[in-house]
Structure formats: structure tokens, C-alpha cells
Amino acid sequence: MGARDALIERFRNIFGGEARLYRAPGRVNLIGEHTDYNGGFVLPAALEQCTWIAAAPRPERRLRAHSLREKTTLEFDLDDPAPTPRHDWSDYVRGVAVMLQRDNQAIGGADLVIDSDVPIGSGLSSSAALEVATGFALLDLAHLPEDRTRLALSCQRAENEFVGMRCGVMDQFASCHGAADRALLIDCRSLEFRLTPIDPSVRLVICNSMVHHELAGSQYNVRRAQCEEAVARLSAVLPGVRELRDVTMDDLTRHGGLLSEVVLRRARHIVTENERVVRAADALAAGEVETCGRLMRESHVSMRDDYEISCKEIDILVDLASKIPGVLGARMTGGGFGGCTINLVRVDAVERFGAEIAESYKAATGITAPLLVCRPGAGAGVAN
Ligand code: GLA
């Protein structure tokens, strides 16, 4: 029996009856970190790894959700006037249901059995995959029209307003709009996007540092506040500035004195990173893989020194990777303070890279780093 049939079978055992199967992928970001909530550019790709949900409608206006990973079932009333978070996995499910309803989407009650092969807490967006799979299932079961950008925004809102993490839209957007063998260049202000082919001479290899720092959530919100402070100060002298997206390096050279030393460095990361993303997307599509790799390396330095979101183990992984022949670029991917690196590796060097990075990282840190050769996959959808 395949994994899909097994999930439907579990649904029969837990809730009884037949179910439809939905899936939504995690994502890896090639370049463009923390630029999304500054109205800027990002270049993620959806992963083959997904959250899977077997779901069926039920007559009462209640949601029952069972997580196979957590081995728990939770039940919510869709008409609860004051839904409150429980601070566990179910907040992503409930938060999405709450925000879809606030967006006037007439969803109904449902039973959900949830499974996932997206690694948790690794910067590969397991939470966005859960949100988007939930949202896609609830909309489809209620026969509501498919609007992927609107769904991504409701899922982001669930995380911002229900879970309390002030994330941008990248992860949910990539999970909704991903396409096989493509990265997505997203303009996070206009929400326009372009599918970017990845030159066949390279592979994206993800290395999991296995480090997860608890401060990730709180430091994320601190970075966001620092960006807002930069905008508040700069817009006093540059009236056209609404977000750091509107700021150039020239502006920072002239008016950087208005910012504290730390806030200036945060702003400099965002301004330079936006430029790198656009150039990297063009380079990747044109087969200029060395240029793309160089921009990824520069991005890592900027995250490490200006935005200060890397950590010791991630820097070790990036440094070790950079010394292996055939590695064009390596950088941390995702929100920061641990998680994964993404490496742009020539096809014929992937095998050697895998063996050498695993061995040298283990020797340096004592940690075994799981590797994933990424084949960008499709965005959310019905799976059976
Ligand atoms: C997390 C957030 C995204 C984005 C990245 C950093 O994944 O959910 O919105 O800000 O961090 O690029």
C-alpha cells in the first residue's frame, strides 16, 4: 500500500468514511532572506516534501483534526466568537480556519488527518505547509473557488495574528504557487511572480545543521521592528520611502547617520539582498551559474555580519561547503539561527559533495547533517 492509500486508511480508522487527499509543500529559499516583509524580492522553490491531509466534510460546524506526527486529536467550534491559541501544532490549523472565515470564505465543518514529511524547525517551512494544506482542503471541501494568492495571504495572516509570528508572505506563497523544476521570483509588494527555470547543470542541495535555536521567533520579530525603525527615520527625509524596498544604497550612504549603527547594518542587508535576488534569478535562468553562486555567497556574509541571523554551526557548514570542488555557492536558508544551508552544486560534483560535507561537518561539530538533493515540486493541490 502506498503512503497515500495508507493515509486514507488511517482516516477510515480514526473518523470513518471516505476522504479526499490534499498536499502542500515546504519550501527552500535560494536567496532573499527577510526581504519579504520589507516589500522586496525572494527566490524560493517548493519542495517535494509535503504536508498531507486526508479530509472529509462533516455536518456540524466543527473541525476535528488528528496529527499522526503528534498523535493527538483536537476539536474546534468554527463559530467560537473568541478562539484562542493553544500554542501547539493545532494553532496553524485553527488559525487558518479563523482567517478564512474573516476573509468571508464560507467554509464548513470537516475531519482532517494530517501527516507530513517536511522536517520540523529546520527553516523549510513545515508550518506554512500545514497552513496551506489545511486552507486548500477547507476551501475545496466547501466548493469555494481556488485563489492561491488569497489563500497564501490568509495563511500568512493566521501566522501573524493567531500564532503571533510576524512572518512575511514568502513561505505560504511558495507553497501555493510552486512549480516542478522551477524557482519563483516573487515581488512581495505587488505579489506578482515569475517562474524561473533552474539550469540543468546544477542541483540545489540542502544540508540540515540539526541546530534549532529557540530565540528564532523572538529575534525574528526584533529584526522586523528594526526594519520598521529604519523606515520611520529615513522616510522623514525621503518622503517616497514606505518600506526598505524603496531605499537604495545611495540613500543609505547619504542618510545613514540618522540610524543607529545596528539599524544601519540591518537596512544595508535588506537593500543589498534585494539587488542580489533580482540578479540571481536572471543568472539562474540564463545558465550563469557562477554568478548565481557568488551572489549566494555574498548573501550569506550579509546575513552573518549585517543581519546577524546565522550561528556557529551554520557558518561552519557554509565554510566547509565552499571548499569542496564543484560548489558554486552556499548560504543559510530561511528565518535563521540554525536550520539548513542551501548549496548550488554542479551535477557531477553532487555525490562527492554529499560524502565530504557530511564527514567534515561531523568531524567539526560531532553532528550528522542529513542531506536532501532538492527537486523543486508543484504547489498545493488535491492529491487523489
Ligand atoms: C521565515 C518567514 C518568512 C521569511 C523568512 C526569512 O521563513 O516565515 O516570511 O521572512 O523567514 O527570509
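Everything in this summary refers to the structure shown in the same document. In this text, all values refer to a predicted model and were calculated from it rather than measured experimentally.

### Observations regarding the packing of helix α8 (residues 261–285) against helix α9 (residues 289–307)
Reasoning step 1: Running from N to C, α8 and α9 point in directions that differ by 165 degrees, and their axes come no closer than 9 Å. Taken together, α8 and α9 sit at an angle that is classed as roughly antiparallel. In terms of crossing hand, the pair formed by α8 and α9 is left-handed. On the side of α8, the interface is formed by R265, R266, R268, H269, I270, T272, E273, R276, R279, A280, A283 and L284, while α9 contributes T291, C292, R294, L295, E298, S299, S302, M303, D305, D306 and Y307.

### As for the packing of aromatic side chains
Reasoning step 1: The full count for this structure, using the stated rule, is four aromatic pairs.
Reasoning step 2: Taking the centre distance of 5.5 Å and the plane angle of 80 degrees together, the rings of F173 and F193 count as edge-to-face. Of this pair, F173 sits in helix α5 (residues 170–177) while F193 is found in strand β8 (residues 193–197), placing the two residues 20 residues apart along the sequence.
Reasoning step 3: For F173, a relative accessible area of 0% translates into the label buried.

### Here we look at the pattern of salt bridges
Reasoning step 1: Following the criterion strictly, the structure yields 35 salt bridges and no others.
Reasoning step 2: Two residues, R189 and D246, come together in a salt bridge whose shortest N-O distance is 2.8 Å. Taken together, the residues span a long stretch of sequence, with R189 in the loop between β7 (182–187) and β8 and D246 in the loop between α6 (216–237) and α7 (249–255) at a distance of 57 residues.
Reasoning step 3: Residue R189 is classed as partly exposed on the basis of its relative accessible area, which comes to 29%.
Reasoning step 4: For D246, a relative accessible area of 24% translates into the label partly exposed.
Reasoning step 5: The shortest N-O distance in the salt bridge between E298 and R294 comes to 3.1 Å. Here the residue E298 and the residue R294 both occupy positions in helix α9, the gap between them amounting to four residues, near one helical turn.

### Focus on the site of the ligand
Reasoning step 1: Close contacts around the ligand come from 13 residues, with E33, H34, D36, D171 and Y220 the closest.
Reasoning step 2: Interatomic distance of 2.5 Å between a side-chain N/O atom of D36 and an oxygen atom of the ligand.
Reasoning step 3: Within the backbone of G168, an N or O atom sits 2.9 Å from an oxygen atom of the ligand.
Reasoning step 4: Across the shell around the ligand, the residue classes break down as four nonpolar, five polar and four charged.

### Describing the sheet that holds strand β3 (residues 44–57)
Reasoning step 1: Pairing is mixed in the open sheet, where six strands are placed in the order β5-β4-β6-β3-β1-β13. If you trace the sheet from one side to the other, it starts and ends with β5 (72–77) and β13 (381–382), each paired once.
Reasoning step 2: With seven bridges connecting them, β3 and strand β6 (residues 110–116) associate as antiparallel partners. Looking across to β6, one finds that A55 is bridged to L112.
Reasoning step 3: Helix α2 (residues 90–102) rests against β4 (62–67), β5 and β6 of the sheet, and its axis sits at about 25 degrees to β5.

### Some points on the pairing of strand β9 (residues 202–212)
Across a regular strand the side chains alternate sides, sitting on one face of the sheet and then on the other.
Reasoning step 1: Counted residue by residue, β9 has eight buried out of eleven residues, so it is predominantly covered.
Reasoning step 2: Pairing of β9 with strand β11 (residues 338–346), which is carried by eight bridges, proceeds in the antiparallel orientation. Directly across from N208, in β11, lies its bridge partner C340.
Reasoning step 3: Note: β9 against strand β12 (residues 371–374), four bridges, orientation antiparallel.

### A look at the pairing of strand β10 (residues 327–333)
Reasoning step 1: Counting buried positions along β10 yields seven of seven residues, so the element is predominantly enclosed.
Reasoning step 2: Across six bridges, β10 lies against β11 in antiparallel orientation. Of the residues in β11, the one forming a bridge with R331 is I342.
Reasoning step 3: The hairpin formed by β10 and β11 contains four residues between the paired strands, and G334 there has a positive phi angle of roughly 95 degrees.

### Brief notes about the sheet that holds β12
Reasoning step 1: Here four strands make up an open sheet; going across it, the order is β10-β11-β9-β12 and the pairing antiparallel. Only two strands of the sheet have a single neighbouring strand rather than two, namely β10 and β12. Looking at each pair of strands side by side, their axes are set apart by 25 degrees on average, direction ignored.
Reasoning step 2: On top of the sheet, helix α11 (residues 350–365) reaches β9, β10, β11 and β12; it is set at about 15 degrees to β9, its chief contact.

### A closer look at the side chain of E131
Reasoning step 1: Within the secondary structure, E131 sits in helix α3 (residues 126–141).
Reasoning step 2: R27 provides the closest opposite charge to the buried, salt-bridge-free E131, at an N-O distance of 11 Å.

### Examining the environment of G178
Reasoning step 1: By the secondary structure assignment, G178 is in the loop between α5 and β7.
Reasoning step 2: Residues G178 and H213, 35 residues apart in the sequence, show an inter-C-alpha distance of 28 Å.

### Some words on unusual backbone geometry
Reasoning step 1: Notably, H34 is not glycine yet its phi reads approximately 65 degrees, a positive angle.
Reasoning step 2: Within the fold, H34 resides in the loop between β1 (20–29) and β2 (41–42).
Reasoning step 3: The exposure class assigned to H34 is buried, which follows from its relative accessible area of 4%.
Reasoning step 4: Look at K71: it is not a glycine, yet its phi comes out positive at around 60 degrees.
Reasoning step 5: With respect to the helices, strands and loops of the structure, K71 is situated in the loop between β4 and β5.

Cut-offs used in this document
Residues numbered from 1 in each chain as written. Predicted model: local features only at pLDDT ≥ 70, side-chain atom pairs only at ≥ 80, totals over all residues. Heavy atoms only, no water. Axes fitted to C-alpha atoms, helices over the stretch in contact; angles between N-to-C directions. Helix = DSSP H or I, 4+ residues; strand = E, 2+ residues; numbered from the N terminus. Parallel < 35°, antiparallel > 145°, perpendicular 65-115°, else oblique. Left-handed = near helix turned anticlockwise from the far one by under 90°. Contact = heavy atoms within 4.5 Å. Phe/Tyr/Trp six-rings, centres within 6.5 Å; stacked < 30°, edge-to-face > 60°. Buried < 20%, exposed > 50% of the residue type's maximum accessible area, 1.4 Å probe, protein only. Salt bridge = Lys/Arg side-chain N within 4 Å of Asp/Glu carboxyl O. Near = heavy atom within 4 Å. Polar contact = N/O pair within 3.5 Å; in protein donor to acceptor, adjacent residues only side chain to side chain. Nonpolar A, V, L, I, M, F, W, Y, C, P; charged D, E, K, R; others polar. Pairing = 2+ DSSP bridges. Lys, Arg positive; Asp, Glu negative; His and termini not counted.

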